[in-house]
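# Understanding the architecture of this molecule
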Amino acid sequence: MIRHKQTLGATLVALLMLVAVSVMAQDKIVVDFYYPTAVDGPIDEIIAKYEADFEAMHPEIDVVPAYTGSYTQTRDTIRTEIAAEDVIVDVAVMLATDLTSFVEDESIVPAQQFIDAMDTADAFTAGFFPAFLANSADEDGMIWSVPFQRSTPILYYNADLFAEAGIAVPTNNEELIAAAQALQTEDRAGLLLPVAGTFPTWLYQSFAAAYGQPIVEASPAEVFFNTPESLAAVEFITKLGMAEADGGFAVGPMGGSAWGDTPTAFTSGQAAMIYHTTGSLTSILNNATFEVGVAFLPSGPAGETGTGYGAPTGGGNLYIFAAAAPEVQEAAWLWVEYLASDTVQSDWGANTGYIAATVGAWDVEPLKTLVTEKPQYLVARDQLEFAVKEFDSYRSIDVQGIINTALSSIISGNVPLSEAQATLDAAQVQIDSLLAEYK
Amino acid sequence: MLTYRKSTFASHLTTALTIVLALIWLMPLIFSILMSFRPPAEPVNQGNIFIGSEITLENYADAWAVAPWAGHYLNSIIFVLGTLAVQVFTITMAGYAFARMKFFGRDMLLILMLLQLMIPTGVLVVQNFATMRNLNLFDTHWALMMPYWGSAFGVLLMRQTFRGIPLELEEAARIDGANWLQIMRYVVVPLSIPAYVSFAIISISSHWNEYLWPAIVTRAEEVRPLTVGLNRLYQTSEVGALYGQLMAGTLFVIAPLMILFILFQRRFIESFINTGLK
């Protein structure tokens, strides 16, 4: 036994020394950075380039980037770490709409505390497009996350077809239908709206806003789903695919098109117009054999005060995690600040197709030159003035599930339009019961 | 064969049905191969219905550039072989113990172990993650393999196989002076080869295709397997679906298993028939 104890003691001493040595070797502050991807291309190389650039400026910091799959997979990985009470991640890109749930379980720290410590705090905040900050702030205006890879839906149109037919680009919903009906043929849809499948909520939000009542406002405890504006939006979307005999516009397939197939259908001439994210602008411009036009999403009636324009934003923000040590959080903030700088946003936007989130990025190379060659990017940027907060609420995953199910059942035609209001009401009751405890 | 000769009609019908079924099962593979050679961004109904307007390797080049595939291949091989090697050892030992040895609580223990089969692996992810962190093995090949080193299914399979070997063979070997290890080496294990092959196929193919656990327990590309690389091609929600690239990547991932299967087809099928596994 004694011999065993000695061996054990010796092993312990050796282990302790090993730990001490490795601690001494790690004089750098290590920042674990998780990022998802949602675009194609060598994203790793771009991130590695930023890492090298950043570490040259801050030799005391070692950023360790890790690709973590989709947004959902990234969230699941981080949730696993939180559940195991062993959080590795220090800073991550997650959906802008993940904010409420992570604030609620106190696993992130507000970016505001770091911004306030900056000499240029006001300039930093003012540097972003306000629409991209809409999902960063809580009800009290405190900023928790920093915009990084952002997008918004826009209208793509086949400019050659419009020129041939002598039709003006639609600016409101009536003109949209007229143009779509004029340009559709046997094997070309007038308008493809990618709302088929399991996630119609994103594009639905732009119609809800255009009809005057966005699905969410400042409070994450309130969702507006059974309003007259919401009903009008759902009816409009559904009628796009309905036969004219049934009161529809018949400009595309019933139930909408599939998200993934829509850009290809457009670039190959099978649709005169599509709604899609700015994220696909680069590949659409590269693949189309015709002149690609880009315009604001056409406006709706919007009530008395609104412009009738409206689009949600999308994409991911940077979050710093509460479990990180204070000095690591400070280092993580420097990395966030770097990624949100005009130079990086300009480069990131030009290389990936995301909309650069800062106003200044558009006056910096390489984006500055890119927009002179491809002015379509500017349309996407300018629409941000009318963009609204993207859906996020308490219990957001559950609420979004309810909304998706209700929308799909109506848009696909499984539920007739005459019962649409009842379907929205039923969904609203479910949502309100989920949100009751937060009011 | 006799029944076939009796009625040519029935035999033709069987053949026709087999061909139809085989085609249905082949469809996804054929679709993947055709899609991967079409020009990117060309819809299915453009050009020739099968090969598009031209045959191109562009998708393969694009897909290859997206991830460090060579490293991923190596990691996948280390993962499945490292897992299998230890599994073969543990299931042989445990299977033999349950099949031949008598000890207190044996049947209870077997039932407890089989209960594991009912626990979905996803439930254990958080616990396993915490364990790997505590063992300081997070983000290593060890962490990938370790949770699979014991296999309840494998133990059950080997127990049943060993029980099917006549005890007399072992006794005869013992009379000839063989010790336990020699009996295992020269009698028990050689007679169970088909069961080992079946187990190896199931183990290799399930771990080759594993995504969740590798994604949770690794961060560095240097230790990640193929599935994580393929995932990059699948996650392009901002740009729409890139089917060509995705199919090319899918073929990267399934190619080794497919080649193995074609090479050892007869062996595989025999072993499945021998063990009664379907």
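None of these values were measured; they are calculated from a predicted model.

Helix and strand counts for chain A come out as 19 helices and twelve strands. Its C-alpha radius of gyration of 24 Å places chain A within 12% of the 22 Å reference for a compact globule of 439 residues. When its C-alpha atoms are laid out on the principal axes, chain A stretches across 95 × 50 × 45 Å. In chain A, which comprises 439 residues, the proportion classed as buried is 56%. In chain A, the proportion of contacts linking residues at least 24 apart, taken out of those at least 6 apart, comes to 73%. With an accessible surface of roughly 17,800 Å², chain A has 56% of that area assigned to carbon and sulfur atoms. Here chain A contributes 15 positive and 57 negative side-chain charges, whose respective centroids are spaced 7 Å apart.

Now for the overall build of chain B. When you go through chain B residue by residue, the secondary structure sums to 15 helices and zero strands. With the C-alpha coordinates of chain B rotated into their principal frame, the extents come out at 75 × 65 × 30 Å. The burial tally for chain B puts 40% of its 278 residues in the buried class. Partitioning the intrachain contacts of chain B with sequence separation of at least 6 by distance along the chain shows that 69% fall at a separation of at least 24. Taken as a whole, chain B presents about 15,900 Å² of accessible surface, with 71% of it coming from carbon and sulfur. Side chains of chain B give 17 positive and 15 negative charges; the mean places of these two sets differ by 13 Å.

Attention now moves to the confidence of the model for chain A. Of all residues in chain A, 93% attain a pLDDT of 70 or more, and the chain-wide mean is 88. Counting contacts from residues 17–25 of chain A, a segment whose pLDDT is below 50, to residues more than four positions away or on other chains yields zero contacts.

As a further point, take the confidence of the model for chain B. Model confidence for chain B is summarised by a mean pLDDT of 86, while 92% of its residues fall at 70 or above. If you check the scores for this complex, the pTM reads 0.83 and the ipTM reads 0.77.

Our next topic: the environment of Ile175 of chain B. Residue and element names in this part refer to chain B. Its location among the elements puts Ile175 in helix 9 (residues 167–175). Residue Ile175 is classed as exposed on the basis of its relative accessible area, which comes to 73%. Considering only alpha carbons, one finds Ile175 and Pro120, 55 residues apart in sequence, at a separation of 46 Å.

The subject of this paragraph is the interface of chain B and chain A. With 32 residues of chain B at the interface, the matching set in chain A holds 37 residues. Between chain B and chain A, a total of about 2,700 Å² is buried, with carbon and sulfur atoms accounting for 52% of that surface. When residues of chain B are sorted by the area they lose upon contact with chain A, Arg219, Glu238 and Val239 of chain B head the list and together hold 26% of the total. Applying the counting rule to chain B against chain A returns three salt bridges. With its nearest N and O atoms 2.8 Å apart, the salt bridge here joins Arg232 of chain B to Asp44 of chain A. Seen at the junction of chain B and chain A, the total is ten residue pairs in polar contact (both at pLDDT 80 or more). Elements with a minimum of two residues in the side of chain B that touches chain A: helix 3 (58–66), helix 6 (125–134), helix 12 (212–217), helix 13 (226–234) and helix 14 (243–263) of chain B.

Residues and elements named next belong to chain B. Within the secondary structure layout, Ser151 lies in the loop between helix 7 (141–145) and helix 8 (152–163). Residue Ser151 is classed as buried on the basis of its relative accessible area of 14%. In terms of polar contacts, Ser151 uses its side chain to reach the backbone amide nitrogen of Gly154, at 2.9 Å. With near-sequence residues (within four places) excluded, Ser151 lies in contact with Gln87, Ile91 and Phe199.

All right, on to the domain arrangement of chain A then. All names here are of chain A. Entries for chain A in the domain assignment read domain 1 (2–151 + 315–385) and domain 2 (153–312 + 394–438). Its C-alpha centre places domain 1 at a distance of 32 Å from the equivalent point of domain 2. Contact with domain 1, which involves 16 residues of that partner, is made by 24 residues of domain 2. Of the roughly 1,700 Å² buried where domain 1 meets domain 2, counting both sides, 58% is carbon and sulfur surface. For the interface between domain 1 and domain 2, the tally reads zero salt bridges. Breaking the side of domain 1 that touches domain 2 down by element, the ones donating at least two residues are helix 4 (99–104) and helix 17 (376–383). Class assignment for the residues of the side of domain 1 that touches domain 2 results in four nonpolar, seven polar and five charged.

Parameters and conventions
- Residues numbered from 1 in each chain as written.
- Chains lettered and ligands numbered in written order.
- Predicted model: local features only at pLDDT ≥ 70, side-chain atom pairs only at ≥ 80, totals over all residues.
- Heavy atoms only, no water.
- Helix = DSSP H or I, 4+ residues; strand = E, 2+ residues; numbered from the N terminus.
- Rg over C-alpha atoms; globule rule 2.2 N^0.38 Å.
- Buried < 20%, exposed > 50% of the residue type's maximum accessible area, 1.4 Å probe, protein only.
- Contact = heavy atoms within 4.5 Å.
- Areas by Shrake-Rupley, 256 points an atom, 1.4 Å probe, with all protein chains shown as cover.
- Lys, Arg positive; Asp, Glu negative; His and termini not counted.
- Charge placed at Lys NZ, Arg CZ, Asp CG, Glu CD.
- pLDDT = per-residue confidence, 0-100.
- Buried area = accessible area lost by both parts, 1.4 Å probe.
- Salt bridge = Lys/Arg side-chain N within 4 Å of Asp/Glu carboxyl O.
- Polar contact = N/O pair within 3.5 Å; in protein donor to acceptor, adjacent residues only side chain to side chain.
- Domains from an automatic or database assignment.
- Nonpolar A, V, L, I, M, F, W, Y, C, P; charged D, E, K, R; others polar.

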